[in-house]
Amino acid sequence: MDKGTLVEFRVQGDRRLGVVDRPDGKTRWFVVDERGQSHSLAPRQLTYIVNGQSYQPSEITNFLEQVNPYLDPSSLEVAWELLVDDGETITPGKMANLLFSESEAVHCYAAHCLLSEDKLYFKQKGEAYEPRSAAQIAERKHQIEVETQKAKGQQEFLARVEQALNGESVEWQRPDRQRLETLEKYAALMADIVRMGVNFDSLARAYPPPAPVLETMNMLGRSATPQAAFQLLIDLGWWSSHENLFLRRSSIPVQFPNKVLEVAQQRLDFPPTDLDVNRLDLTHLKVYTIDDESTTEIDDGLSWELLPDGQERLWVHIADPTRWLIPEDELDLEARKRGSTVYLPTGMIPMFPEVLATGPMSLVQGKICCALSFGIVLNQTGSVEDYSIHPTLMKPTYRLTYEDVDEMLELGVEAEPEIAAIANLAKRRKTWRYNQGAISINMPEAMIKVKDDDISIDILDDSSSRQLVAEMMILAGEVAARYGQTHNIPLPFRGQPQPELPPEEELLQLPPGFVRSCAMRRCMPKSEMSITPVRHAGLGLDTYTQATSPIRRYSDLLTHFQLKAHLRGEVLPFSPEQLKEVMMTVTSTTQEVTMVERQTNRYYALEYLRRHPEQVWQITVLMWLREDSNLALILLEDLGLQLPMAFRRSVNLGEQLSVKVSLADPQKDMIQFQEIIYQESQLAN
């Protein structure tokens, strides 16, 4: 090329004109642009050569001003209509003649600019351009429309994001929700992997963000990391700062489908025919329901009566949700899918729609309720002497809390002698069970509640009232199982293999109390479910099933379905094989529920400790997790929490120490304590 030749080249994608100045070696040229900047270019970097005359860099601006009037992209449509039938290629020079009837340098360069920028009518083929077919243009127009709509949607999304970040109320559109739900999945999954201890850098390499996540985060100017995605969802008000990722990662449904809610309301408005037409009327009995104050699903009540022969009869009344549903209907299948009510520090997720669970399914004080009632007579040792099971009508007299009953027992309230009588029978029953080999492991249990971001932790006392209720529920479970065993009814029987406890001399070497209980707990095998009776070693019973929480546990509901059908003389709704299949599904689901409950409780326990960095906690060393590295399980006595702690010195099991929290990160599931000396403990307190 000669000095002074005007050429086109690209700088970071932008079109630029320059004048050839001099060679740069054998194959490159120095080119000077209109700004006076020099560029060393190879021939392949030149995208167009303006022929016809020599130029100076100062003339480039004037040249472009002459070109601009000809840059009308719509003129290409006319050219395309003239050329498409022949399908011949065309050069910028020929296009200049066709469009402008002239082929001077200005016109040829204008034609080149139009053709090289066109994405619709022509495609480049070597140094010339070929008209696209009509079908190709239609497809291109569709693509352009899609891209235009996408760009518009992105701009609207950005505007709504700006609103949300400013704290304004936003009505998210369906595409917005799809974007944010993709971010949710990414943030939740990656957070789970981080909790497993995976290094973040290796995580980013092994699990690069999906394209939609990358696009959204780049669009918002944020890094495409799990932490950034998590923070964005919080900033937008889409998630709370303590979003329950355990629940989100699970398959546990949080909301009820509209169809299920509609069916529930229909059952409420138009109660189905009661299949148990001969319910035993027990409305004359005084009935006590005993629960925590916050309980809304009330599924058990207790009565006591003195029989003419001087014997005492206990009545354990259990809510009868099967009055409102039948096997395999919408309500039943939804409950089966959920497995149980989920209890979290932030609230509960019910197994049945609330309109039924806390209404007609519950044993509501002062209302006549349907129940499945267990009438039981104990002998002097505490074993079951006689029993009967009936679908009943009953009317709860008092709704009491555990604290109410403890106070009544302590004060010996004469107006309610039934409470003391039930408590005495519960003690007799407990004594009998332990004589049958029941195993007592008493460990404190933390009850964590979250309300308005305030976290409270209380220890669930093993009070007289709680023991009373527990014994009555176990008693009803034994009676239900005995009835099933006697009549060869397949039920979800629950058992526990006999544990291999440490030898007596080994246990005596451990400090008494929590340390021994912890050592025994480690030896306890998991409970098992079977469609045939099996011994429950922990409870000291030869046969047992859970039947006392049919509103909250699906396995209990199965027991009700089977028992009530047999009591009516009908064919059982579940054959042994069907029951086994359903039990397998429900067991898998309830295991997931249990895991989510444990993980959520642990999260808020760590968050509570994170908020109290200066608090001094009294702990007991319970057991070794890894003795060689001084890692032990400790009990925070004031909270009932059991957590790991690594010691920097040798300690003994049962030793009581004072500690502070040195690090608590609930997001990463990390907790570290540091021991403090006695003087520091006193000062801090």
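Residues numbered from 1 in each chain as written. Predicted model: local features only at pLDDT ≥ 70, side-chain atom pairs only at ≥ 80, totals over all residues. Heavy atoms only, no water.

Named according to an unreviewed UniProt entry, the chain is Exoribonuclease II originating from Anabaena cylindrica.

Draft legend 1. Summary view of the packing of helix 15 (residues 417-435) against helix 16 (residues 464-486). Where helix 15 meets helix 16, the closest approach of the two axes is 9 Å, and the angle between their N-to-C directions is 65°. Judged by the sense of rotation from one axis to the other, the crossing of helix 15 with helix 16 is left-handed. Contact residues: I419, I422, A423, A426, R429, K430, W432 and R433 in helix 15; Q467, L468, E471, M472, I474, L475 and E478 in helix 16. Considering only residue class, the contact of helix 15 with helix 16 consists of 9 nonpolar, 1 polar and 5 charged. (Axes fitted to C-alpha atoms, helices over the stretch in contact; angles between N-to-C directions. Helix = DSSP H or I, 4+ residues; strand = E, 2+ residues; numbered from the N terminus. Left-handed = near helix turned anticlockwise from the far one by under 90°. Contact = heavy atoms within 4.5 Å. Nonpolar A, V, L, I, M, F, W, Y, C, P; charged D, E, K, R; others polar.)

Draft legend 2. Region of interest: the side chain of H560. Topologically, H560 is positioned in helix 19 (residues 554-567). Looking at H560, the relative accessible area reads 0%, which means it is buried. Other than its neighbours up to four places away in sequence, H560 contacts I318, A319, T322, L372, A547 and P550. (Buried < 20%, exposed > 50% of the residue type's maximum accessible area, 1.4 Å probe, protein only.)

Draft legend 3. Region of interest: the environment of T590. For T590, the location among the structural elements is in helix 20 (residues 576-610). Sequence-distant contacts of T590, defined by excluding residues within four places in its chain, comprise G339 and S340.

Draft legend 4. The sheet that holds strand 2 (residues 14-24), seen in detail. Strand order across the open sheet formed by 5 strands is 4-3-2-1-5, with antiparallel pairing between neighbours. Two strands in the sheet have a free side with no partner beyond their single neighbour: strand 4 (38-41) and strand 5 (46-50). In this sheet, neighbouring strand axes are inclined to one another by 40° on average, regardless of whether the strands run parallel or antiparallel. Sheet topology note: the strand 1 (residues 6-11)/strand 2 ladder contains 6 bridges and is antiparallel. If you follow V11 over to strand 2, its bridge partner there is D14. Helix-sheet contacts for helix 1 (residues 60-67) involve strand 1, strand 2, strand 3 (28-33) and strand 5, and the interaxial angle to strand 2 is about 140°. (Pairing = 2+ DSSP bridges.)

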